[in-house]
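Below are the chains, spelled out letter by letter.
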Amino acid sequence: MTMQYDVKQGHLNQSGFFVLARNRVKGFSFFGAGSDATLVLFDTITAPVTDSVTYARSGTTVTVTKTAHGLSTGNTVGIHFNSNTSVSATDGNYVITRTGADTFTLTDINSGTITSTAASYVSGGGRWLMTYEIDATDTFSNAPFIPGEGVLAVNGIYALMTNIDSAQIYYG
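Residues numbered from 1 in each chain as written. Predicted model: local features only at pLDDT ≥ 70, side-chain atom pairs only at ≥ 80, totals over all residues. Heavy atoms only, no water.

A. Main features of the layout of surface pockets. Size it by volume and the largest pocket reaches roughly 360 Å³. Asp 36, Thr 38, Asn 82, Ser 83 and Glu 133 are the residues nearest the centre of the largest pocket, which is lined by 15 residues in total. Mapped by element, the contributors of at least two residues to the lining of the largest pocket are strand 4 (37–43), strand 9 (103–122), strand 10 (127–134) and strand 12 (157–162). With three residues, the single largest contributor to the lining of the largest pocket is strand 9. (1 Å grid on protein atoms, 1.4 Å probe; cavity = no way out; pocket = protein on both sides within 12 Å on 5 of 7 lines; lining within 4 Å. Points joined across faces, edges and corners; volume = space filled by probe spheres on them. Helix = DSSP H or I, 4+ residues; strand = E, 2+ residues; numbered from the N terminus.)

This is how it looks when you write it as structure tokens:
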């Protein structure tokens with residue numbers, strides 16, 4: 001692999017798009033706000049659905065509730081599950097089954113019981129890329145290592161930030 005000279009940098013102080021185009025995430029750094037914090041990266045051209053999305057898991061079946069979600073059986077969602085008492089369903093990209101106008105299910109790769117808590121998702125060709133969580137006692141800048149050529153985002157790179165003061169991304 002040769003040195004890449006066209007790496008670019010983006011900066012956000014709140015949730016939003018780093019870039020709207022095909023790119024590879026090469027690296028990123030972020031700084032928490034003194035409480036438990038989460039940075040979720042999605043490959044999408046639209047902001048994730050975050051308002052009034054809840055889920056519960058029983059065994060491997062996750063039921064997601066969102067009023068008038070508009071999805072159909074066979075659609076794929078990229079989804080981030082908030083934790084409930086330090087437990088969450090497994091973030092990822094899943095084919096869903098529509099069970100009603102306000103609910104859909106998916107099969108988690110792990111098993112367990114989780115009562116209702118929040119989630120965020122993208123659909124229509126969007127994908128979940130990665131999630132990083134930091135503890136409230138973590139007061140230093142975090143810069144996870146991304147090996148190889150980076151993580152491919154086909155559409156664009158959206159950062160969903162919870163209790164994050166700032167995030168920087170390196171892409172190309």
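More follows now that the structure is in view.
B. The sheet that holds strand 10, seen in detail. Taken together, the four strands give an open sheet; going across it, the order is 2-12-4-10, and neighbouring strands pair in antiparallel fashion. This sheet does not close on itself; its edge strands, each paired only once, are strand 2 (16–19) and strand 10. Each adjacent strand pair in this sheet contributes to an overall mean axis angle of 25°, direction not counted. Two elements, strand 4 and strand 10, share seven bridges in a ladder whose sense is antiparallel. Bridge assignment links Phe 42 to a residue of strand 10, and that residue is Trp 128. (Pairing = 2+ DSSP bridges. Axes fitted to C-alpha atoms, helices over the stretch in contact; angles between N-to-C directions.)

C. Representation of the pattern of salt bridges within the structure. Following the criterion strictly, the structure yields two salt bridges and no others. Here Arg 57 and Asp 108 are joined by a salt bridge, their closest N and O atoms 2.7 Å apart. Of this pair, Arg 57 sits in strand 5 (residues 54–65) while Asp 108 sits in strand 9; the two residues are 51 residues apart in sequence, bridging distant segments of the chain. (Salt bridge = Lys/Arg side-chain N within 4 Å of Asp/Glu carboxyl O.)

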